[in-house]
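# Topology and contacts: notes
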Amino acid sequence: MSLIPTLGVKYQVLPSLRTAYDYLDRINLKIGRINLDLFPGDSLNILGSSSVLTNTLLTKVCVTSLLPKRYGGLCNSSMVFILDAGNNTNVYQFIEFIRRWGMSIKSTLNRIMISRAFTIHQLTNFIVNEIPNLIEKYSMNIIAIPSLLEMFCQNAELDIKEIQCVFKVIEKAFRKISRKKNILLVTSVTLNNQIPIIELAQRMLLNIFNKNIEINKNKTNDRLTVRIYEKQQHINSVNIRKQSALSMEEIFKTHESY
C-alpha cells in the first residue's frame, strides 16, 4: 500500500519535456530495473518506513553523482555536502558503494563534506544561512539531508504552529537552493503517520519536492516495493511514473564499475 496517496495529493499523468542539452548534466540513478534521471535544479525526497532503507538509497544517490558522466554521474570534480539531521550517516556505507564501483576511496571521500545539526533551530539556520555559502565556496553539486524529520520526531513538545513556521522557512530555503543555485537537493524521511507533527510535515514536504522515491518492505514476502513519483514545477499534481517489487540486493546493486 502506498503511503503518498493518503496525503490527499491529486494524481494525473503529466508530460516531462527535456532537451538533449539537459541530459548532458544529469545523474542516471539505477534502482534495480528502474532508471531515474536527476537533473541540477531537481529536488528529491526518499521516504519510507525504514530509515536504513531511505538513508542507504540516499547514500547511493550521492555516490552515483560522483561517477564520471559516462557512468551516470555528473563529473570527476563534482562535490557533495551532507547535513546529517538525525545522526544516521553511515560512512562505511559510502565506502561500500565506492568500493563496488571500483572508485578510489580516498579521492572520492575527499569530495564529500559532512556536518551535523543537533537542534531543530540549528538545522534550520544551517539550511537557510550556511548551505548557500558552502555552495559558493566549494562549488557543491548536491546537497543531501538524511533523516530530515528525525529531530522533529524526538521533540514531542513542539507546537504545531511553530512547526508550520519552521517548515515554511525551510521550504523557501529549499526552493532557493535547488532552483536558483542549480543544485540537486536530496533528503530522506522516515514516515510515521501516528505522530501528528510528522503527518503535517509530510504534507508540507510534498509541496517542496518535484521527485519522490518511496521504498517499503512488503508485508507478504521479503521483497521491497519501490515507487517513483514526479510532478511538474508550479503544478500541484503528481504522476506515478514507475513502480517495481525488488529484492534488497537489486535495489542497492551497482551495475558496473569503471
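Above this text is the structure in question.
One structure accompanies this document, and this report is about it. What you see as residue numbers is a count from 1 along each chain, following the sequence as written. Predicted model: local features are reported for residues with pLDDT of at least 70 only, side-chain atom pairs are reported and counted for 80 or more only, and whole-chain, interface and lining totals are derived from all residues. With hydrogens and water excluded, all non-hydrogen atoms of the structure serve as input to the side-chain values.

## As for the pattern of salt bridges
A carboxyl oxygen of Asp or Glu within 4 Å of a side-chain nitrogen of Lys or Arg is what we treat as a salt bridge. In this structure the tally under the stated criterion is nine salt bridges. For R33, the salt bridge identified is with E250, shortest N-O distance 3.3 Å. Pair noted here: R33 is in the loop between β1 (27–31) and β2 (34–38) and E250 is in helix α8 (residues 248–252), with a separation of 217 residues, a long-range link. The cut-offs for exposure are 20% and 50% of the maximum accessible area for each residue type, with area from a 1.4 Å probe on protein chains only; residues under the lower value are buried, those over the upper are exposed, and the others partly exposed. Since its relative accessible area comes to 26%, E250 is described here as partly exposed. Among the ionic pairs, E230 bridges to K211, the shortest N-O distance being 3.8 Å. Here K211 lies in strand β8 (residues 211–217) and E230 lies in strand β9 (residues 224–230), a separation of 19 residues in the sequence. The pair E230 / K211 is uniform in exposure class, with both members buried. Taken together, the salt bridges that share partners define one network made up of E96, R99, R100 and E249. Only DSSP runs of H or I reaching four residues or more are called helices, and only runs of E reaching two or more are called strands; each is numbered from the N terminus.

## Notes on helix α1 (residues 51–65)
Here α1 spans 21 Å end to end across 15 residues, near enough to the 21 Å set by a 1.5 Å rise per residue. Burial runs high along α1: 13 of the 15 residues are buried. Looking at where α1 begins, the residue whose side-chain oxygen comes 3.3 Å from the main-chain nitrogen of V52 is S50. Between the first and last residue of a helix there are one fewer steps than residues, each counted as 1.5 Å, and that sum is the expected span. Polar contacts here mean pairs of N or O atoms no more than 3.5 Å apart (in protein, one a potential hydrogen donor and the other a potential acceptor; neighbouring residues in sequence count only if both atoms are side-chain atoms).

## Description of the packing of α1 against helix α2 (residues 91–100)
For every element, the axis is a line fit to its C-alpha atoms; helices are fit only across the contacting stretch, and the angle between N-to-C directions ranges from 0 to 180 degrees. α2 packs onto α1 with a crossing angle of 50 degrees between their chain directions and a minimal axis gap of 10 Å. Classified by the angle between their axes, α1 and α2 sit oblique to one another. Where α1 crosses over α2, the handedness of that crossing is right-handed. Of the residues in α2, those touching α1 at T56, T59, K60, C62 and V63 are Q93, F94, F97 and I98. Should an angle fall under 35 degrees it is called roughly parallel, over 145 degrees roughly antiparallel, and 65 to 115 degrees roughly perpendicular, with every other angle called oblique. By definition, any crossing whose near helix is turned counterclockwise from its far helix by less than a right angle is left-handed, and any crossing with a clockwise turn is right-handed. Note on definitions: a residue-residue contact is assigned when non-hydrogen atoms from the two residues lie within 4.5 Å.

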